[in-house]
Amino acid sequence: MRIHLLGTGSADGWPNPFCHCASCEAERAAGRSRTSSAALVDGVLLIDAGPTATNAATRAGIGLATVAHVLITHGHPDHLAPEFLLWREWISGLDLLHVHGPSGAIERCRHWVGPASPVEFHVVQAGDTIDAKTPLGEYAIRVLQAAHGHGNGDLLADEAVLYDITDPEGTSLLYATDTGPFSAEQSGQVAGRAFDIMLVDESFGFKDDHGTGHLDLATLPAMLAGLRGEGAITDATDVIAIHLSHHNPPERELRAALHPLGVRIVDDLTLIDTNVAPQPVHHLIIGGVRSGKSTYAEALARLHPAVAYVATGESRKDDAEWAARVAEHQARRPPEWTTIETADVQSLLDDAGPGDALLIDCIGMWLTRQLDEAGAWSTDETTAAAARIDVLARIEVLAESTRASKAHVFMVTNEVGQGVVPATSSGRLFRDLMGIANSRLSQASTEVTFMVAGRPLPLGTLPATQTGSAS
Ligand SMILES: [Zn+2]
Ligand SMILES: [Zn+2]
């Protein structure tokens with residue numbers, strides 16, 4: 001199953017365009033925006049069609065002519081902007097489109113289509129099943145009761161439904177927004193389903209007095225625990241929070257709060273492909289002295305909830321200038337990060353698991369220690385030559401561990417080859433091996449950024465012949 005998340009935000013989006021709270025400002029500063037939640041499954045099922053959903057598909061480079069079924073959860077305007085039916089009607093030669101939804105939502109759609117429009121409406125309610133035929137085969141869909149109504153006469157909320165979708169290969173998705181906490185009966189409806197993917201409402205973050213049919217960081221854990229108890233979701237379920245609003249804390253804090261629940265968040269327009277295991281990020285950040293490379297690497301790592309900062313330099317406790325520099329770096333880092341002082345970077349890369357993040361600072365100091373250990377500074381030529389070969393082998397091992405690491409890796413390294421030729425042979429040896437290490441680590445990385453004057457310059461992809469084995 002391939003799910004394009006056309007939106008992951010709440011009705012107003014996050015940031016809310018009119019709001020200057022800390023959460024909105026943080027997201028705005030980071031250049032992130034989330035619009036009305038909607039998802040496109042395998043290009044053939046569109047779940048919800050709010051005001052931004054169809055344009056989001058366009059921004060993702062996806063056409064919607066292949067959509068055979070639209071599944072509307074409810075008629076709230078962030079989930080249904082029915083004018084998309086008119087835009088579709090302007091295109092001739094399209095196949096029949098089936099639009100499924102609760103009665104109020106379908107009523108909102110009817111006057112947007114002409115009598116000859118190839119659209120068929122289907123009013124659904126909780127408990128129904130839909131056999132959705134598509135060019136890819138038949139999808140089995142169960143309509144579930146949402147807990148979105150809150151007894152104030154909002155009929156569109158009262159009739160809201162959720163969808164349990166199984167594709168022709170048997171991969172399953174629970175689409176669970178908008179909803180508040182499930183009752184025991186609702187959890188029971190999905191008992192034993194062991195969904196592959198769950199997209200779940202997490203509208204309100206730390207705000208818990210909203211009193212509407214949504215989830216927040218206080219109610220989501222209990223709801224997920226209930227679903228795990230029923231076998232509806234398992235440790236293998238990819239649970240992704242959507243319908244995110246500015247009542248959530250800024251993204252880094254939200255990730256940290258969701259991580260222990262086994263829940264992640266992704267950006268709008270992310271593709272979730274169950275046939276491809278999520279690939280960790282291996283990002284090499286290269287730059288000269290004081291180019292801003294460490295600060296940039298820290299900013300990248302901050303988006304991950306569990307970061308281990310790996311200091312590769314030897315601690316020089318008797319060096320005051322060094323100690324001041326270390327203290328400056330330490331003060332900049334979030335207090336929840338762990339710090340590991342070691343030159344054995346390879347073991348950390350090998351042992352780290354999925355979801356872990358390693359910030360390795362830096363490869364220049366790692367290389368210095370490898371050269372020290374190997375005896376590369378020896379005046380005896382044979383010893384020095386053997387040491388050089390030894391260090392080259394260590395570089396290969398490090399590159400291979402980087403490539404194979406299951407963790408997200410942010411690796412800081414030094415560009416030392418652009419100045420004058422070092423006067424000493426040891427200086428030249430270091431410069432040469434640093435250049436080799438950088439090239440090998442670059443080949444082993446998914447992304448490489450060159451830092452110049454505090455600005456990141458993303459470097460392009462490698463020619464296909466140089467990328468090596470991706471296995
Ligand atoms: Zn909504
Ligand atoms: Zn709603």
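Residues numbered from 1 in each chain as written. Chains lettered and ligands numbered in written order. Predicted model: local features only at pLDDT ≥ 70, side-chain atom pairs only at ≥ 80, totals over all residues.

### Looking at the domain arrangement of the protein chain
Alright, step 1. Domain boundaries in the protein chain define domain 1 (2-273) and domain 2 (282-466).
Alright, step 2. A straight line from the C-alpha centre of domain 1 to that of domain 2 covers 42 Å.
Alright, step 3. Taken residue by residue, the interface counts five residues in domain 1 and five residues in domain 2.
Alright, step 4. Grouping the amino acids of the side of domain 1 that touches domain 2 by side-chain chemistry returns one nonpolar, one polar and three charged. (Domains from an automatic or database assignment. Contact = placed C-beta atoms within 7 Å. Nonpolar A, V, L, I, M, F, W, Y, C, P; charged D, E, K, R; others polar.)

### A look at the sheet that holds strand β8 (residues 137-145)
By way of backbone hydrogen bonds, the strands of a sheet pair with one another, either parallel or antiparallel.
Alright, step 1. The mixed open sheet is built from seven strands, whose spatial order is β7-β8-β9-β10-β11-β12-β13. In this open sheet, the two strands that pair with only one neighbour each are β7 (129-134) and β13 (263-264).
Alright, step 2. Where β8 and strand β9 (residues 161-166) come together, six bridges link them in antiparallel fashion. Residue R142 lies in a different strand from β9, and its bridge partner there is D164. (Pairing = 2+ DSSP bridges. Helix = DSSP H or I, 4+ residues; strand = E, 2+ residues; numbered from the N terminus.)

### Things to note about the pairing of strand β19 (residues 408-414)
Alright, step 1. Where burial is concerned, most of β19 is hidden: seven out of the seven residues are buried.
Alright, step 2. Side-chain alternation along β19 places H408, F410, V412 and N414 on one buried face and V409, M411 and T413 on a second face that is also buried.
Alright, step 3. Sheet topology note: the strand β15 (residues 282-287)/β19 ladder contains six bridges and is parallel. Within β19, the position partnered with H282 by the bridge is V409. (Buried ≥ 20, exposed ≤ 12 C-beta atoms within 10 Å, placed from the backbone.)

### Overview of the confidence of the model for the protein chain
Alright, step 1. On average, the protein chain scores 93 in pLDDT, and the residues at 70 or more come to 98%.
Alright, step 2. Counting interchain partners and residues more than four positions distant, the pLDDT-below-50 stretch residues 467-471 has three contacts. (pLDDT = per-residue confidence, 0-100.)

### Let's talk about the nonpolar core
Alright, step 1. Counting 72 residues, the largest nonpolar core has A39 and Y175 as its most contacted members.
Alright, step 2. Not counting residues up to four positions away in its chain, the partners in contact with Y175 are A39, I47, L162, Y163, I165 and L199. (Core = buried A, V, L, I, M, F, W, Y, C linked by C-beta atoms within 7 Å.)

### Notes on the environment of I389
Alright, step 1. Relative to the elements of secondary structure, I389 occurs in helix α13 (residues 381-404).
Alright, step 2. The class of I389 is exposed, set by 11 C-beta atoms lying within 10 Å.
Alright, step 3. C-alpha of I389 to C-alpha of G427: the two residues are 38 residues apart in sequence and 17 Å apart in space.

### Notes on helix α7 (residues 220-229)
Alright, step 1. L220, M223, L224 and L227 are the residues of α7 that are buried. The buried residues of α7 occupy an angular sector of 95° when projected down its axis, which confines them to one face. Residues A222 and G229 are exposed on α7 and point more than 90 degrees away from its buried face.
Alright, step 2. Considering only its buried residues, α7 is in contact with α6 (184-189) and β12 (238-242).
Alright, step 3. G231 sits one or two positions beyond α7 and adopts a positive phi of about 75°. (Arc of directions from axis to C-beta.)

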